[in-house]
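One-letter residues, chain by chain:
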Amino acid sequence: MSGRRLTAVTGLALALTLGAGAVAVPAQASGYRYWSFWDRQGTTWTYATQGPASAHPSDGDVQGFRFAVSADSKDAATPRSAPTFAQVCASTPAKPGRKRVALALDFGTAQDAPGGETPPAPRTACAQVPEDATTADALAAVAKPLRYNSAALLCAIAGYPHTGCGEQVSAKKPDTRPTAAPKDTKDTSDSGPSLGLLAGIAAVLALAAAAIWQSRRRRD
């Protein structure tokens, strides 16, 4: 057996040995639990480019809020309803000096709720506010109490959630399904290479050793 072939066999054995000891560590995804703000443009929800305290909607606009856990604006969940302005504000007549803003409020799912809290059902509301009012003003007119933190981040709409504000949480909920009881007390954890893999490595190493011995015998 040539020196190159011996090197290849030995290298394969080393690679198998190193691979057997490697342990994959899954990445822990994370996100933030917060109220996201949306504009309704045609038939599509678009993540708002301004905060509700600085946005000035026009009469006839549709805006939405969704409470959920997400990593960023690209990952954020949209409101699950898609109401039109006519559907929300049909029973609210126009008034001089005031504007009407249709709001879709989605309090999210139980999976995204803080511990011990139950999200209210999604709802819509027609806010009739002064013409210079912001979205935050419109929201305050129909969904009190609102809660903000010291950085003016919207923390709660209609009192939900009761606590917390944009806290970082695991984006993937743990599996809470009951697991079956173990059948025996043997250690079957994946803490090292399997018996079959070790046997294979030993066979490769034995082959390499035999080839080296045979090569030396021929030279002698």
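Note that the coordinates shown come from a computational prediction; the quantities given were computed from them, not determined experimentally.

**Quick notes on unusual backbone geometry**
- Cis geometry marks the peptide bond from Lys144 to Pro145, where omega comes out at -5 degrees.
- You can see Pro145 is positioned in the loop between helix H3 (135-142) and strand E6 (147-148).
- For the peptide bond that leads from Tyr160 to Pro161, omega is -5 degrees, which places it in the cis range.
- Along the chain, the position of Pro161 falls in the loop between strand E7 (154-156) and strand E8 (168-170).
- Despite not being glycine, Ala152 shows a phi value in the positive range, around 70 degrees.
- With respect to the helices and strands, the residue Ala152 is situated in the loop between E6 and E7.

**Thoughts on the nonpolar core**
- Counting residues in each nonpolar core, the largest one holds 20 residues, and the members touching the most others are Trp35, Phe65, Leu103, Leu105, Leu139 and Ile157.
- Counting only elements with at least two residues in this core, the list comes to strand E1 (30-41), strand E3 (61-70), strand E4 (98-106), strand E5 (123-130) and H3.
- No other element matches the three residues that E4 contributes to this core.
- Not counting chain neighbours up to four residues away, the residues in contact with Ile157 comprise Trp35, Phe65, Leu105, Phe107, Leu139, Ala143, Pro145 and Leu146.

**Section: the state of the cysteines**
- For the coordinates displayed, the defined rule picks out two disulfides.
- Between the sulfur atoms of Cys89 and its disulfide partner Cys126 the distance amounts to 2.1 Å. The S-S bond linking Cys89 to Cys126 shows a torsion near 110 degrees; that makes this disulfide right-handed. Here the residue Cys89 occupies a position in helix H2 (residues 85-89), and Cys126 occupies one in strand E5, the gap between them amounting to 37 residues.
- For Cys89, a relative accessible area of 2% puts it in the buried group.
- Taking the relative accessible area as the measure of exposure, Cys126 reaches 17% and is therefore buried.

**Considerations on the pairing of strand E2 (residues 44-47)**
- Relative to E2, E1 is paired through four bridges, and the arrangement is antiparallel. The residue of E2 that forms the bridge with Trp38 is Tyr47.
- A loop of two residues connects E1 with E2, the two strands running antiparallel in sequence, and Gly42 in this loop sits at a positive phi of about 70 degrees.

**What about the packing of aromatic side chains?**
- Inspection of the entire model under this criterion finds six aromatic pairs.
- Ring centres 4.9 Å apart and planes at 15 degrees place the aromatic pair Phe37 and Phe65 in the stacked group. Here Phe37 is found in strand E1, whereas its partner Phe65 is found in strand E3, with 28 residues between them in sequence. Across the pair, Phe65 and Phe37 agree in class, each one buried.
- Ring-pair connections join several aromatic residues into one group, and the members of that group are Trp35, Phe67, Phe107 and Tyr160.
- Over the ring of Trp45 we find Arg40; its NZ or CZ atom is 5.2 Å from the centre of that ring.

What counts and what doesn't
Residues numbered from 1 in each chain as written. Predicted model: local features only at pLDDT ≥ 70, side-chain atom pairs only at ≥ 80, totals over all residues. Heavy atoms only, no water. Helix = DSSP H or I, 4+ residues; strand = E, 2+ residues; numbered from the N terminus. Core = buried A, V, L, I, M, F, W, Y, C linked by side-chain atoms within 4.5 Å. Buried < 20%, exposed > 50% of the residue type's maximum accessible area, 1.4 Å probe, protein only. Contact = heavy atoms within 4.5 Å. Disulfide = S-S within 2.5 Å. Pairing = 2+ DSSP bridges. Phe/Tyr/Trp six-rings, centres within 6.5 Å; stacked < 30°, edge-to-face > 60°. Lys NZ or Arg CZ within 6 Å of the ring centre and 35° of its normal.

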